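If you want the building blocks of each chain, they are given just below.
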Amino acid sequence: MRILLTGAAGFLGSHLTDKLINEGHHVIGMDNFITGNEENLGHLAGNGKFSFIRHDVSNFILVTGKIDYVLHFASPASPNPASPLGYPNLPIQTLKAGALGTHNSLGVARAHNAKFLLASTSEIYGDPQEHPQKETYRGNVDPIGARSVYDEAKRFAEALTMAYHRFHQIDTRIVRIFNTFGPRMRLDDGRVVPNFIQQALRKEPLTIYGDGSQTRSFCYVSDLIDGIYKLMMSDYHEPVNLGNPNEISVIEFADLVNKTVDNTSGKIKKTAERLGNDPQRRQPDISRAKSILNWEPKISIQAGLEKTIPYFKKKMGI
Ligand code: NAD
Ligand code: UDP
């Protein structure tokens, strides 16, 4: 297939590009590098199965030649409001990528009679009151809260995808991705995995927001990419959760990172404040992915960290 992948220079987009090329497809990567990195695609220079278009998907997208599949991954991925460590956020760009970018990407799929897959997120469940989260749960999102730019953009993107499916008969898929980590993550996006790994490698205390009792469930990137490929090749139109159901509190995760990095000082530093609207618990119910895709993650958090830390060391020059 000839596949248009928006957000190809990002963490997930670049791994998905590799998977698609390995499976024999031709990938047209599209990105404006707002949070992505050219280096993530550097190894594909000269590869006949890859081409690249630098473009902001919030503007009309024109791609010539036949397109069989459109995968829409372009979006700044961190929902965090400005964090205590001062990382920037991109509120307007996030809303535009989810709304205008999804509209333009669906437009390409319609023009080419191509299939379409939307990268959605566990964030559409907001601060969940149902646990673990099934796809049928409708969520608990504050429409004007600190994370709303991301949550509502993705909720709109899902609604638009289903509207194109129902009204224009576009053959669509929606993946709801839960926290994923691995090599090629941005070092500076302020998220817990890059923060903790870098702090532990520098022998600094790990910054825990609040008391660290909040939970997440971390999936290693190769597991996620296998699940996305299976969903892409399925004919299932309803949203599918993909993530690792192994739930861990932030404080347990800090201990695990300190242990894995051999940060013998093993220190943590708690801040009084959590970020606005920070979900207290998050864990995917993956029964749908298990039954429809015959998929479940294989790589433990510990094993995933061991595969990820060398990437951070290299990037940090350690
Ligand atoms: P990332 O920031 O590494 O990648 C996103 C890519 O999209 C970047 O290369 C960025 O430059 C590009 N992009 C953003 N806005 C664009 C625009 N207007 N035009 C063109 N390109 C644009 O993030 P990621 O973690 O790889 O996330 C990829 C997708 O997966 C996003 O849609 C994100 O919401 C979704 N997602 C990721 C996670 C996760 O844990 N990583 C979880 C849930 C959902
Ligand atoms: N977090 C933390 N210290 C950090 C960065 C994040 O304690 O240096 C917490 C954050 O408050 C949240 C959890 O870790 O409860 C996961 O945050 P992240 O931004 O990685 O993902 P998300 O909240 O989007 O799931």
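Residues numbered from 1 in each chain as written. Chains lettered and ligands numbered in written order. Predicted model: local features only at pLDDT ≥ 70, side-chain atom pairs only at ≥ 80, totals over all residues. Heavy atoms only, no water.

### Re the overall build of the chain
Stated formally: Secondary structure follows DSSP: runs of H or I at least 4 residues long count as helices, runs of E at least 2 residues long count as strands, and numbering of each begins at the N terminus. Just to be clear, the radius of gyration here is over C-alpha atoms, and the globule rule we use is 2.2 Å times residues to the power 0.38. With a 1.4 Å probe rolled over the protein chains alone, any residue whose accessible area is under 20% of its type maximum counts as buried; one over 50% counts as exposed, and the rest are partly exposed.
Check the secondary structure of the chain and you find eight helices and 13 strands. A globule of 318 residues ought to have a C-alpha radius of gyration of about 20 Å, and the chain, at 19 Å, matches this closely. For the chain, the C-alpha atoms occupy an extent of roughly 55 × 45 × 35 Å along the three principal directions. Counting every position in the chain, which comprises 318 residues, the buried fraction comes to 56%.

### Topic: the site of ligand 2
Put simply, the rule is: If a single non-hydrogen atom of a residue is within 4 Å of a molecule or strand, that residue counts as near it. In the analysis that follows, any N or O atom pair within 3.5 Å is treated as a polar contact, provided that within protein one partner can donate a hydrogen and the other can accept it, and provided that, for residues neighboring in sequence, both atoms belong to side chains. Per-residue accessibility takes into account occlusion by the displayed protein chains alone, with areas from the Shrake-Rupley method and a 1.4 Å probe. For this classification, Asp, Glu, Lys and Arg are treated as charged, while Ala, Val, Leu, Ile, Met, Phe, Trp, Tyr, Cys and Pro are nonpolar and the rest, including Gly, are polar.
Contacts to ligand 2 come from 18 residues, most closely from V192, T207, R216, D278 and R282. In the environment of ligand 2, an oxygen atom lies 2.9 Å from a nitrogen or oxygen atom belonging to the side chain of N179. Contact with the protein chains hides 99% of the accessible area of ligand 2, taken as 520 Å² for the molecule alone. Sorting the residues of the shell around ligand 2 by element identifies helix 4 (192-201) and strand 8 (206-209) as the ones contributing at least two each. Across the shell around ligand 2, the residue classes break down as six nonpolar, six polar and six charged.

### Description of unusual backbone geometry
Trans peptide bonds make up the majority, and among non-glycine residues the majority have a negative phi. A cis amide bond links H131 with the next residue in sequence, P132, at an omega value of -15 degrees. Mapped onto the elements of the fold, P132 is located in the loop between strand 5 (115-121) and helix 3 (148-168). For Q169, which is not glycine, the phi torsion reads 55 degrees and is therefore positive. Since its relative accessible area comes to 59%, Q169 is described here as exposed.

### Observations regarding the sheet that holds strand 4 (residues 69-72)
The condition is simple: Should DSSP find at least two bridges between two strands, the strands are regarded as paired. To obtain each axis, a line is fitted to C-alpha atoms, and for helices this fit is confined to the stretch in contact; angles are then taken between N-to-C directions over 0 to 180 degrees. In this analysis, two residues are considered to be in contact whenever any of their non-hydrogen atoms come within 4.5 Å of each other.
A sheet is described by the order of its strands in space; here seven strands give the open sequence 3-2-1-4-5-6-11, paired in parallel fashion. Looking at strand neighbours, the two that pair on one side only are strand 3 (50-54) and strand 11 (239-242), the edges of this open sheet. When strand polarity is set aside, the average angle formed by the axes of neighbouring strands in this sheet is 20 degrees. With respect to the sheet, helix 1 (residues 11-22) is in contact with strand 1 (2-6), strand 2 (26-31), strand 3, strand 4 and strand 6 (172-177), its orientation differing from that of strand 1 by roughly 170 degrees. The sheet contacts of helix 2 (residues 91-112) involve strand 1, strand 4, strand 5 and strand 6, and relative to strand 4 the element is tilted by about 175 degrees.

### Concerning the site of ligand 1
The local shell around ligand 1 holds 28 residues, among which L12, D31, T35, Y150 and K154 are the closest. At 3.0 Å from an oxygen atom of ligand 1 is found a main-chain nitrogen or oxygen belonging to G10. Relative to its free-state accessible area of 810 Å², ligand 1 is covered by the protein chains to the extent of 96%. Mapped onto the shell around ligand 1, the elements with two or more residues apiece are helix 1, strand 5 and helix 3. Looking at the shell around ligand 1 element by element, the count peaks at three residues for strand 5.

### What to know about the pattern of salt bridges
Put simply, the test is: In what follows, salt bridge is the name for a side-chain nitrogen of Lys or Arg lying within 4 Å of a carboxyl oxygen of Asp or Glu.
Applying the stated rule across the entire model yields 15 salt bridges. In this structure, E123 and R147 form a salt bridge, with 2.6 Å as the shortest nitrogen-oxygen distance. One end of the pair, E123, is in the loop between strand 5 and helix 3; the other, R147, is in the loop between strand 5 and helix 3, and 24 residues separate them in sequence. Ionic pairing is found between E158 and R176, a salt bridge with its closest N-O pair at 2.7 Å. In this pair, E158 sits in helix 3 while R176 sits in strand 6, placing the two residues 18 residues apart along the sequence. As far as the burial class goes, E158 and R176 line up, both buried.

Worth remembering: the numbers are spatial, not functional.
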